[in-house]
Amino acid sequence: MVTGIEASKAWTEMLAVERPLSIGELFADDPTRVEKLTLSIGDLVIDLSKNLIDDRVVATLLAVADEADVESAIGRLLDGYVVNLTEGRAAGHGLLRRPEEARAMVDGVDVAHLVHGVLARMRSFVADVHSGRRLGATGERLTTIVNIGIGGSDLGPSMAYEALRPHHVTGLRCRFVSNIDPADLRAGLSDLEPASTLFVVASKTFATTETLANAKVARDWIVDALGEKAIASHFVAVSTNSQAVRNFGIGDDEMFPFWDWVGGRYSLPSSIGLSLMLGVGSDAFDQMRAGMHVIDEAVRSTPARANAAVMMALIGIWNRNVLGCVSKAVLPYSHDLRRFPAFLQQLDMESNGKSTRLDGSPVPYETGPIIWGEPGTNSQHAFIQSIHQGTSVVPVDFIGFAEPADALVRVGAPDDTRHRTLFLGMLAQARALAFGRSLDEVSAGPFAEHRVLPGNRPSTVVVARRLSPSVLGQLVALYEHVVHVQGVIWGINSFDQFGVELGKEMALDLAVTAPSDRGADPSTHSLLRWYHGFARGPDGG
Ligand code: F6P
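These numbers were taken from a predicted model, which means no experiment stands behind them.

Visitor: So what's going on with the nonpolar core? Which residues, and what values?
Guide: Trp 261, Leu 274, Leu 337, Phe 340, Leu 475 and Leu 478 are the most contacted members of the largest nonpolar core, which has 114 residues in total. Among the elements that make up this core, the one with the highest residue count is helix H19 (residues 469–490) (twelve residues). Per-domain counts for this core show at least three residues from each of domain 1 (5–67 + 302–437 + 457–490) and domain 2 (92–283). Sequence-distant contacts of Leu 274, defined by excluding residues within four places in its chain, comprise Met 122, Phe 125, Val 126, Val 200, Val 236, Val 238 and Phe 256. Listed in part, the 22 residues of the second largest apolar core include Leu 192, Phe 206, Ala 215 and Ala 237.

Visitor: An account of a negative patch on the surface is requested, with residue identities and associated values reported.
Guide: Residues Asp 66, Glu 67, Asp 69 and Glu 71 make up a contiguous surface patch of negative charge. Along the polypeptide, Asp 69 turns up in the loop between helix H4 (55–67) and helix H5 (70–78).

Visitor: Describe in detail the packing of helix H1 (residues 9–16) against H4, supporting the description with residues and values.
Guide: One way to put it is that H1 packs onto H4 with a least axis distance of 8 Å and a crossing angle of 155°. Here H1 is positioned roughly antiparallel relative to H4, judged by the angle of their axes. Handedness of the H1/H4 crossing: left-handed. Contacts between H1 and H4 involve Ala 10, Trp 11, Glu 13 and Met 14 from the first element and Thr 60, Leu 61, Ala 63, Val 64 and Glu 67 from the second. Residues that form the contact of H1 with H4 fall into these classes: six nonpolar, one polar and two charged.

Visitor: I'd like a description of the environment of Leu 96, backed by residues and values.
Guide: Its place among the elements puts Leu 96 in the loop between H5 and strand E3 (105–106). Classification of Leu 96 by relative accessible area gives buried; the value is 1%. Considered as a pair, Leu 96 and Pro 20 are 76 residues apart in the sequence and their alpha carbons are 42 Å apart. Once residues lying within four places of it in the same chain are set aside, the contact partners of Leu 96 are Val 115, Leu 119, Trp 259, Trp 261, Val 262, Pro 269, Ser 270 and Arg 289.

Visitor: How would you summarise the domain arrangement of the protein chain if you had to cite specific residues and measurements?
Guide: Per the domain assignment, the segments of the protein chain are domain 1 (5–67 + 302–437 + 457–490), domain 2 (92–283) and domain 3 (498–532). A separation of 32 Å is found between the C-alpha centroids of domain 1 and domain 2. Counting residues at the interface gives 22 residues for domain 1, matched by 17 residues for domain 2. When domain 1 packs against domain 2, the two sides together hide about 1700 Å² of surface, and 57% of this comes from carbon and sulfur. Where domain 1 touches domain 2, the interface holds five salt bridges. Salt-bridge contacts for Arg 97 lead to Glu 480; the nearest nitrogen and oxygen are separated by 2.7 Å.

Visitor: An account of unusual backbone geometry is needed here, citing residue identities and associated values.
Guide: Peptide bonds are, in most cases, trans, and in most cases residues other than glycine have a negative phi. Of note in this structure, Asp 69 is not a glycine but carries a positive phi near 50°. The phi torsion at Asn 456 lies on the positive side, around 65°, for a residue other than glycine. Mapped onto the secondary structure, Asn 456 falls in the loop between helix H18 (418–435) and strand E13 (459–464). With relative accessibility at 23%, the residue Asn 456 sits in the partly exposed group.

Visitor: Which residues make up the pattern of salt bridges, and what values go with them?
Guide: Inspection of the entire model under this criterion finds 31 salt bridges. The closest approach of N and O atoms between Lys 354 and Asp 496, which form a salt bridge, is 2.9 Å. With Lys 354 in the loop between helix H15 (340–352) and strand E11 (370–372) and Asp 496 in the loop between H19 and helix H20 (501–511), this residue pair connects regions lying 142 residues apart in the sequence. Three or more residues are tied together by salt bridges with common partners; here these are Asp 79, Arg 98, Glu 297 and Arg 300.

Visitor: Explain a nonpolar patch on the surface to me, using residue names and the numbers behind them.
Guide: Together, Val 326, Met 349 and Ile 370 line one region of the surface with nonpolar side chains, adding up to about 230 Å² of accessible area. Mapping Met 349 onto the fold places it in helix H15. Judged by relative accessible area, which is 33%, Met 349 ranks as partly exposed.

Visitor: Please provide a residue-by-residue account of the site of the ligand, values included.
Guide: Taken together, 13 residues lie around the ligand, and Ser 153, Ser 203, Lys 204, Thr 205 and Thr 208 are the ones closest in. Ser 153 is positioned such that a nitrogen or oxygen atom in its side chain is 2.6 Å from an oxygen atom of the ligand. Thr 208 is positioned with one of its side-chain polar atoms (N or O) 2.5 Å from an oxygen atom of the ligand. A total of 390 Å² of accessible area belongs to the ligand in isolation, and the protein chains cover 88% of it. Of the residues contributing to the shell around the ligand, the split by class is two nonpolar, eight polar and three charged.

Visitor: Residues and numbers for the packing of H5 against H19, please.
Guide: Two elements in contact, H5 and H19, have axes whose closest approach is 10 Å; the angle formed by their N-to-C orientations is 125°. On the basis of their axis angle, the class for H5 and H19 is oblique. Between H5 and H19 lies a crossing whose hand is right-handed. Facing Val 70, Ala 73, Ile 74, Leu 77 and Leu 78 of H5, the residues of H19 in contact are His 481, His 484, Val 485, Val 488 and Ile 489. Its residues placed into classes, the contact of H5 with H19 shows eight nonpolar, two polar and no charged.

Visitor: Could you give an account of the packing of aromatic side chains, with specific residues and numbers?
Guide: On inspection of all chains with the given rule, the structure shows 15 aromatic pairs. Between Tyr 333 and Phe 398, the ring centres sit 6.0 Å apart and the planes meet at 50°, which makes this aromatic pair tilted. With Tyr 333 in the loop between strand E10 (327–332) and H15 and Phe 398 in strand E12 (residues 396–401), the pair connects residues that are 65 residues apart, well separated along the chain. Judged on exposure class, the residue Tyr 333 and its partner Phe 398 are both buried. Taken together, the ring pairs connect Phe 199, Phe 206, Trp 221, Phe 235 and Phe 248 into an aromatic cluster. When the ring centre of Phe 27 is taken as origin, the NZ or CZ atom of Arg 33, which lies over that ring, is 5.2 Å away. The side chain of Arg 121 reaches across the aromatic face of Phe 256, ending 4.4 Å from its centre.

Cut-offs applied
Residues numbered from 1 in each chain as written. Predicted model: local features only at pLDDT ≥ 70, side-chain atom pairs only at ≥ 80, totals over all residues. Heavy atoms only, no water. Core = buried A, V, L, I, M, F, W, Y, C linked by side-chain atoms within 4.5 Å. Buried < 20%, exposed > 50% of the residue type's maximum accessible area, 1.4 Å probe, protein only. Helix = DSSP H or I, 4+ residues; strand = E, 2+ residues; numbered from the N terminus. Domains from an automatic or database assignment. Contact = heavy atoms within 4.5 Å. Patch = residues over 30% accessible without salt bridge, like charges linked within 9 Å, V, L, I, M, F, W, Y side chains within 5 Å. Areas by Shrake-Rupley, 256 points an atom, 1.4 Å probe, with all protein chains shown as cover. Salt bridge = Lys/Arg side-chain N within 4 Å of Asp/Glu carboxyl O. Lys, Arg positive; Asp, Glu negative; His and termini not counted. Charge placed at Lys NZ, Arg CZ, Asp CG, Glu CD. Axes fitted to C-alpha atoms, helices over the stretch in contact; angles between N-to-C directions. Parallel < 35°, antiparallel > 145°, perpendicular 65-115°, else oblique. Left-handed = near helix turned anticlockwise from the far one by under 90°. Nonpolar A, V, L, I, M, F, W, Y, C, P; charged D, E, K, R; others polar. Buried area = accessible area lost by both parts, 1.4 Å probe. Near = heavy atom within 4 Å. Polar contact = N/O pair within 3.5 Å; in protein donor to acceptor, adjacent residues only side chain to side chain. Phe/Tyr/Trp six-rings, centres within 6.5 Å; stacked < 30°, edge-to-face > 60°. Lys NZ or Arg CZ within 6 Å of the ring centre and 35° of its normal.

Right, here's the structure in full:
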């Protein structure tokens, strides 16, 4: 039975429309191309012109968006309707960044006072830590924040903390520990003093194995050095599960709540951002939230053809479902944004890496691509070779900034042209991908054919003047909307993540499996026997 978008005229026409063959010819044929395919949203400028699309393709893609009623879906998401149908709840991250005076309804209930009440508590706590009104158990200032969390309780705050480096609060540093590998916490604590360390245990469920295991070791580290009573001064928690937080030994006054209608990978503007707020200050945090809101409202109110998020989503659908591209590379030409690809991996792949639709039917087309990437200039000396000349076509999102984030280092300063080189390097890569180099252009000589670049490799260039807190928020919200729009078109639920559960259950099973237990499959059993030959203590030692 045909149940989804594939049954529509719009989808059929999208699959059938003549595919442009040459990006170079598209530019030659239409002098208005750049103007037509450059969109602005907030402070971001987005050049879509180096994608393999023309007016006819865009028209069929817009019809697909219309067919899926993307416009209403964006409204329902932002207005707190129950859009996460498999878990029966809203995906209310848009409500977390509304201004205080705006109502924020979740499933008919106004939650604005809850959201702003927690934000006010966070600001006051941060001010106390910064001013020294809140001290460690021995009366020392708290100068290192260690965030213990994983997935959405780590990637957003850690990415944003790195991204906002010029805004780091003087005299305070943040560390992020996520991995259950003892090496992560050990390295994180190696040069710290318990008396000046504050742990933020961040977990939506407060049931995540990795986070709880690391938090227990951190608690022992504090108790061994400062005694049991010090826990109250050196631990705070961020969670939706107050009972589990209490059970861990952290009191209600030390807990910053959020709500089950905030998805983990969308939780950066919630109290999950506490470590970030401590690290960059509440003004920068609020500017980031405000930037997100700017994008929410622009995405809600801009017609699809001029809507950068919708158009980026549609081009992603084109690349995935028509051109057959399996992955997408995200290359920020910004060292401070180096964790952005990892953040986007969770955002996109945990949201849209699905193969069952909301009505329970299997998807008959490809869904979310594999997202990967590294900071731009480094990738130029590593994997970008394959994007230029490899046998797979990998669309790229380039992200770059006209000015360095540090106010004192101006573009064009006579003694330092590095930022200029960085930015121009990005433009050169996008150009080389699109237009390549033909045999005619390669100077004659041996192996000339090896120096031919085919071109025709699609890319999108996202630029802004500078990576400010607001611009960071805008980038995050932009990609959240891209992912959501694609999920709507594919008919999947972008807000659950059942795929991660089986591995967790099996890990628990294996934890109680004896070497002689043949319950596991033969391969796992053989590896277990090998492992038990070495591992004797609880820590594998
Ligand atoms: O296992 C995946 C996941 O549930 C993510 O969706 C989530 O961001 C992460 O684990 C951490 O979960 P929690 O915040 O509940 O510890």
